[in-house]
Amino acid sequence: MRRSVRGRNYDGPWRRTPGRLFGIGAIRFYQLVFSPFVGGHCRHVPTCSEFGYEAVARHGLWRGGWLTARRVARCGPFGHPGHDPVPTERR
């Protein structure tokens, strides 16, 4: 019996459009190349790169990129740690 291995990134359904693929590729590049040098200092769950991956996959490059930029801005020293999921719908 083969068991599927879940990654830490979003694995739900999403449309593979060119913009989303570009955004996901940029985030995966960061995760594989630069993230090991930064270290595990994230105060949020999921991490900012995981949040960005899911936001772009769910909402597209522009809206997902905006949500990710807002999330990274909240990661400053005065931000509050904790669980911060990607919104599933627009407000």
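This report concerns the structure included in the present document.

Conventions adopted
- Residues numbered from 1 in each chain as written.
- Predicted model: local features only at pLDDT ≥ 70, side-chain atom pairs only at ≥ 80, totals over all residues.
- Heavy atoms only, no water.
- Helix = DSSP H or I, 4+ residues; strand = E, 2+ residues; numbered from the N terminus.
- Polar contact = N/O pair within 3.5 Å; in protein donor to acceptor, adjacent residues only side chain to side chain.
- Contact = heavy atoms within 4.5 Å.
- Patch = residues over 30% accessible without salt bridge, like charges linked within 9 Å, V, L, I, M, F, W, Y side chains within 5 Å.
- Areas by Shrake-Rupley, 256 points an atom, 1.4 Å probe, with all protein chains shown as cover.
- Salt bridge = Lys/Arg side-chain N within 4 Å of Asp/Glu carboxyl O.
- Buried < 20%, exposed > 50% of the residue type's maximum accessible area, 1.4 Å probe, protein only.
- Core = buried A, V, L, I, M, F, W, Y, C linked by side-chain atoms within 4.5 Å.

As a further point, take the side chain of asparagine 9. Assignment of secondary structure puts asparagine 9 in the segment before helix H1 (18-38). There is a polar contact of 3.1 Å between the side chain of asparagine 9 and the side chain of glutamine 31. Once residues within four sequence positions are removed from consideration, asparagine 9 is found in contact with Arg28, Gln31, Glu50 and Tyr53.

A word on a nonpolar patch on the surface. A contiguous nonpolar patch, built from Phe29, Tyr30, Leu32, Val33, Phe34, Phe37 and Val38 and spanning about 740 Å² of accessible area, is present on the exposed surface. Mapped onto the secondary structure, valine 33 falls in helix H1. Under the relative-accessibility criterion, valine 33 is labelled partly exposed at 34%.

A few words on the pattern of salt bridges. Taken as a whole and judged by the stated rule, the model has 3 salt bridges. Salt-bridge contacts for aspartate 84 lead to arginine 74; the nearest nitrogen and oxygen are separated by 2.5 Å. Here the residue aspartate 84 occupies a position in the segment after strand E2 (82-83), and arginine 74 occupies one in the loop between helix H3 (61-73) and E2, the gap between them amounting to 10 residues. Looking at aspartate 84, the relative accessible area reads 19%, which means it is buried.

Let us look at the nonpolar core. The biggest cluster of nonpolar side chains holds 7 residues, and these are Tyr10, Trp14, Ile24, Ile27, Tyr53, Val56 and Ala57. Of all the elements in the fold, those that place two or more residues in this core are H1 and helix H2 (48-59). Contact partners of valine 56, with chain neighbours within four places excluded, come to Arg20, Gly23, Ile24, Ile27, Leu61, Gly64 and Gly65.

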